[in-house]
Amino acid sequence: MSNGGVTFVNRFTAKGDPEEFERAFAQVAKFMADQPGIKGYTLSRHSEDPQQYVNIALWEDAGALRAAVSHPEFGSHVGALRQLAVSTSDLYQDRHRVQG
């Protein structure tokens, strides 16, 4: 059953130093973690290609995510990240979830 939440999946390809990308991501993540409606996130690096990452963020609903990325300060936080990586993203409605 759906719990009404959404899952935001963002795939990144770092353009340069992966460590620099991770530092910039951490700054954006700190901002996003303070936004209403976020339930958690994970940044994972590909096991064989250190330039490839996936971020999976859980949100209460799509409106909360839209509000976070529309926040006046969002652009200043994400600017460095956009210079360091190319990304593609998708939003999924939760259908089944198991929590341990």
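Just above sits the structure.
Keep in mind the model is a prediction, meaning the values are calculated, not measured.

Q: Lay out the layout of surface pockets with the relevant residues and their values.
A: Reported here for the largest pocket is a volume of approximately 370 Å³. Along the walls of the largest pocket sit 22 residues, with Phe8, Asn10, Phe12, Val28 and Phe74 positioned nearest its centre. At the level of elements, strand 1 (6–14), helix 1 (18–33), strand 2 (38–45), strand 3 (52–59), helix 2 (62–70), helix 3 (74–84) and strand 4 (85–93) are the ones that each hand at least two residues to the lining of the largest pocket. For the lining of the largest pocket, the per-class residue count stands at 17 nonpolar, four polar and one charged.

Q: So what about the packing of aromatic side chains? Which residues, and what values?
A: Tallied over the full model, the rule gives six aromatic pairs. Both rings, one in Phe12 and one in Phe25, keep their centres 6.1 Å apart while their planes meet at 80°; by these two values the pair is edge-to-face. Separated by 13 residues along the polypeptide, Phe12 in strand 1 and Phe25 in helix 1 bring together distant segments of the chain. A centroid spacing of 6.3 Å and a plane angle of 40° characterise the contact between Phe21 and Phe25, whose relative ring orientation is tilted. Separated by four residues within a single helix, Phe21 and Phe25 lie in helix 1, roughly one turn from each other. Residue Phe21 shares its accessibility class with Phe25, and that shared class is buried. Members of the aromatic cluster, connected to one another through ring pairs, are Phe12, Phe21, Phe25, Tyr41 and Tyr53.

Q: How would you summarise the pattern of salt bridges if you had to cite specific residues and measurements?
A: In the structure shown here, the tally under the stated rule is three salt bridges. A salt bridge links Asp90 to Arg11; the shortest N-O distance between them is 2.8 Å. With Asp90 in strand 4 and Arg11 in strand 1, the pair connects residues that are 79 residues apart, well separated along the chain. With a relative accessible area of 31%, Asp90 lands in the partly exposed category. For Arg11, a relative accessible area of 35% translates into the label partly exposed. We note a salt bridge from Glu19 to Arg45, for which the minimum N-O separation is 3.7 Å. On the criterion of sequence distance, the pair formed by Glu19 in helix 1 and Arg45 in strand 2 is long-range, its members being 26 residues apart. Accessibility expressed as a relative area gives 39% for Glu19, which makes it partly exposed. Overall, the relative accessible area of 40% leaves Arg45 in the partly exposed class. Salt bridges linked by common partners bring Glu19, Glu22 and Arg45 together as one network.

Conventions and cut-offs
- Residues numbered from 1 in each chain as written.
- Predicted model: local features only at pLDDT ≥ 70, side-chain atom pairs only at ≥ 80, totals over all residues.
- Heavy atoms only, no water.
- 1 Å grid on protein atoms, 1.4 Å probe; cavity = no way out; pocket = protein on both sides within 12 Å on 5 of 7 lines; lining within 4 Å.
- Points joined across faces, edges and corners; volume = space filled by probe spheres on them.
- Helix = DSSP H or I, 4+ residues; strand = E, 2+ residues; numbered from the N terminus.
- Nonpolar A, V, L, I, M, F, W, Y, C, P; charged D, E, K, R; others polar.
- Phe/Tyr/Trp six-rings, centres within 6.5 Å; stacked < 30°, edge-to-face > 60°.
- Buried < 20%, exposed > 50% of the residue type's maximum accessible area, 1.4 Å probe, protein only.
- Salt bridge = Lys/Arg side-chain N within 4 Å of Asp/Glu carboxyl O.

Nothing here speaks to function; it is geometry throughout.
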